[in-house]
Amino acid sequence: MGPKGLLTLLLGISVAVVSAGAAQGARRSGAGPSPQFSPQLQQGREVFVQFCAACHGERGDGKPASGLKLKPPAMDLTAFKLSDSLIHRALEEGVLGTGMAAWKSLPAEQLSAVAAYTATLGRDDELSSQGRLAPDPALREAGRRVYVVHCARCHGNDGKGDGSDASLLKPTPASFAELRPSYAVAARVMAAGVPGSAMPAWPLLTRAEVQAVTFYVRSFYRGPAQAPKDASRVRPAGR
């Protein structure tokens, strides 16, 4: 839906997006990776700091000035749950229409390690009982209605980033089967849009509509277990 998607992040993958903003009624539930890393995650962190932190930041929050100046901005990796297949594809192929380059020159071991480390950065959030505006069935149905009207033409009926207008957009719309936004970042994206992408701001959506459509969009996510990956093809890396 041309400039009428709900969240056109750089990912078809895209991994170049926005910093998460605080949203009313949501609370953080993930604490990120433990300080005690496995050898692979320790290696992945070292690779990430060396090659990715310049844009994504050492914490993966997309806050460095160099990352914020990109259009679209470098992705806040802490604001999304990302499937393994999406991370690998971004690192192997880059993300067309963004500043995210491919990193095929890195050794396979380092690419696998940085992919594994990147997967630990996402911190999910859930609605608090005080902030939840309706029971789950009501949120789901209200969110579906908002999604059909404003989002499906870009992101597709099933949230796979394959809507009727998707092929016209660079970066391509996000596949929510592989990427789950936090409530916080979804609220920020819908309020401000994503500079340098086809994702516009939707300031006329009410708080209830934003919460409902975010609830609905998050239901598309299939997670790492359902996102196939071929270890022999892994060539991850940061920026």
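Predicted model only: the values in this text are computed from it and were never measured.

Considering the confidence of the model for the protein
Here is step 1 of the chain: Of all residues in the protein, 78% have pLDDT values of 70 or greater, and the mean over the chain is 80.
Here is step 2 of the chain: Scored below 50 in pLDDT, residues 1-34 shows 160 contacts in the model against residues more than four places distant or in partner chains.
Here is step 3 of the chain: Per-residue pLDDT stays below 50 along residues 225-239; that stretch engages in 51 contacts with residues further than four places along the chain or on separate chains.

What about the packing of aromatic side chains?
Here is step 1 of the chain: Tallied over the full model, the rule gives five aromatic pairs.
Here is step 2 of the chain: Each member of the aromatic cluster is reached from another via a ring pair, and the members are Y147, Y216 and F220.

Re the state of the cysteines
Here is step 1 of the chain: What the rule picks out here adds up to zero disulfides.
Here is step 2 of the chain: There is no disulfide at C52, and the cysteine sulfur nearest it, in C55, is 8.9 Å away.
Here is step 3 of the chain: Note on C52: relative accessible area 0%, which makes it buried.
Here is step 4 of the chain: No disulfide involves C154; its nearest neighbouring cysteine sulfur is the one of C151, lying 8.6 Å away.

Topic: helix α1 (residues 39-51)
Here is step 1 of the chain: Across its 13 residues, α1 extends 18 Å between first and last C-alpha, which sits within 8% of the 18 Å expected from 1.5 Å per residue.
Here is step 2 of the chain: Restricting attention to buried positions, one finds in α1 the residues L41, G44, V47 and F48. Seen from one end, α1 has its buried residues packed into an arc of 120°, which puts them on one side. Of the exposed residues in α1, those oriented more than 90 degrees away from the buried face are P39 and Q50.

Some remarks on the pattern of salt bridges
Here is step 1 of the chain: What the rule picks out here adds up to nine salt bridges.
Here is step 2 of the chain: The salt bridge partner of R180 is D124, with a shortest N-O separation of 2.5 Å. Separated by 56 residues along the polypeptide, R180 in strand β4 (residues 179-181) and D124 in the loop between α5 (108-119) and β3 (125-127) bring together distant segments of the chain.
Here is step 3 of the chain: Note on D124: relative accessible area 11%, which makes it buried.
Here is step 4 of the chain: Its salt-bridge partner being R132, residue D136 comes within 2.5 Å of it at the nearest N-O pair.
Here is step 5 of the chain: Here D136 falls in the partly exposed class, since its relative accessible area comes to 33%.
Here is step 6 of the chain: Classification of R132 by relative accessible area gives partly exposed; the value is 30%.
Here is step 7 of the chain: Among the charged side chains, a salt-bridge network with shared partners connects D124, D125, E126, R180 and R218.

A look at the nonpolar core
Here is step 1 of the chain: Among the nonpolar cores identified, the biggest contains 42 residues, and L82 and Y147 are the most heavily contacted of them.
Here is step 2 of the chain: Looking at this core, the elements that each hand over two or more residues are α1, β2 (80-82), α4 (84-93), α5, α6 (136-150), α8 (183-192) and α9 (207-218).
Here is step 3 of the chain: Beyond its immediate chain neighbours, meaning those up to four positions away, Y147 contacts A152, H155, G156, N157, G159, F176, V213, Y216, V217 and F220.
Here is step 4 of the chain: Counting residues in each nonpolar core, the second largest holds six residues, with L127, L139, Y183 and F215 among its members.

Topic: unusual backbone geometry
Here is step 1 of the chain: Of note, the amide linkage connecting K71 to P72 takes the cis form, showing an omega dihedral of 0°.
Here is step 2 of the chain: Assignment of secondary structure puts P72 in the loop between α3 (65-68) and β2.
Here is step 3 of the chain: With an omega dihedral of 0°, the bond running from K170 to P171 counts as a cis peptide bond.
Here is step 4 of the chain: Here P171 shows up in the loop between α7 (152-155) and β4.

Calculation criteria
Residues numbered from 1 in each chain as written. Predicted model: local features only at pLDDT ≥ 70, side-chain atom pairs only at ≥ 80, totals over all residues. Heavy atoms only, no water. pLDDT = per-residue confidence, 0-100. Contact = heavy atoms within 4.5 Å. Phe/Tyr/Trp six-rings, centres within 6.5 Å; stacked < 30°, edge-to-face > 60°. Disulfide = S-S within 2.5 Å. Buried < 20%, exposed > 50% of the residue type's maximum accessible area, 1.4 Å probe, protein only. Helix = DSSP H or I, 4+ residues; strand = E, 2+ residues; numbered from the N terminus. Expected span 1.5 Å × (residues − 1). Arc of directions from axis to C-beta. Salt bridge = Lys/Arg side-chain N within 4 Å of Asp/Glu carboxyl O. Core = buried A, V, L, I, M, F, W, Y, C linked by side-chain atoms within 4.5 Å.

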